[in-house]
Amino acid sequence: IAVLLAGSTTVVLEGNDLRDNRKKSGTPASQQRIQAQSQALRVLRELEPEISSARGGKRAAILVQDQAAPIVRGNSLSSNDGYGILVCNSANPTVEGNTVRNHWRPAIAIRDTARCLLRKNSLFDNEGYGVMVGEDACPQIEENEFRGHKK
């Protein structure tokens, strides 16, 4: 995970380039991850144990969970392990204008009771689906571009 948005954060995550974040055996000291929690960004090291305990233990470049309601806008995500963006628990983010490509799982997955607005994202060449909605999630999906997905 490159970015974890949790708690009740309402942070704006905009204009970032997230690529080639891969699970390794041990996290190098130079590897950093960003966690936005309680309306603050903090740089953390060695985040793997916390991420593994997240429901399902799935990897994502951006994980939005709990009651977080951030704006995730204008980011470029490519070639990361797992999902591009995973929205879970009761999170309610706005995800717009992002480019998500070449991920091993769906570009964007929404699950649990999450609600979110997915608008004007470009999703392409992912191994999984462009968008996957599961359980009781209820996203609003509009004006996204989908192409070249393997499923």
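Above: the structure in question.
Each value, and the rule that gives it
- Residue numbers run consecutively from 1 along every chain, following the written order of its sequence.
- Given that this is a predicted model, residues contribute local features only at a pLDDT of at least 70 and side-chain atom pairs are listed and counted only at 80 or more, while totals for whole chains, interfaces and linings are drawn from all residues.
- Note that the side-chain values use all heavy atoms of the structure and ignore hydrogens as well as water.
- Strands are labelled as partners when DSSP assigns at least two bridges between them.
- Note on conventions: DSSP H or I runs of at least 4 residues are helices, E runs of at least 2 residues are strands, and numbering of each starts at the N terminus.
- Here, axes are lines fitted to C-alpha atoms. For helices the fit covers the stretch in contact, and angles between N-to-C directions go from 0 to 180 degrees.
- Accessible area is worked out with a 1.4 Å probe on protein chains only. A residue is then buried under 20% of its type maximum, exposed over 50%, and partly exposed in between.
- A carboxyl oxygen of Asp or Glu within 4 Å of a side-chain nitrogen of Lys or Arg is what we treat as a salt bridge.

(A) Up close: the sheet that holds strand S17 (residues 145-147). Reading across the sheet, the 5 strands line up as S3-S8-S11-S14-S17 and stay open at both edges, with parallel pairing between neighbours. Two strands in the sheet have a free side with no partner beyond their single neighbour: strand S3 (17-19) and S17. Taken pair by pair, the neighbouring strands of this sheet meet at an average axis angle of 5°, ignoring direction. With 3 bridges connecting them, strand S11 (residues 99-101) and strand S14 (residues 122-124) associate as parallel partners.

(B) Fine view of the sheet that holds strand S10 (residues 94-96). Strand order in the open sheet made by the 5 strands is S2-S7-S10-S13-S16, with parallel pairing throughout. The open sheet has two edge strands, strand S2 (12-14) and strand S16 (140-142), and neither has a second partner. When strand polarity is set aside, the average angle formed by the axes of neighbouring strands in this sheet is 5°.

(C) Here's a closer look at the pairing of strand S9 (residues 83-87). Counting buried residues in S9 gives 5 out of 5 residues, a clear majority hidden from the surface. Bridge analysis of strand S6 (residues 60-64) against S9 gives 4 bridges, and the strand direction is parallel. When the sheet's bridge partners are listed, Ala60 is paired in S9 with Tyr83.

(D) Structural context of the pattern of salt bridges. Under the criterion given, the structure shown has 8 salt bridges. Residue Glu96 is joined to Arg119 by a salt bridge in which the shortest nitrogen-to-oxygen separation is 3.1 Å. Placement of the pair is Glu96 in strand S10 and Arg119 in strand S13 (residues 117-119), with a sequence separation of 23 residues. What makes Arg119 partly exposed here is its relative accessible area of 25%.

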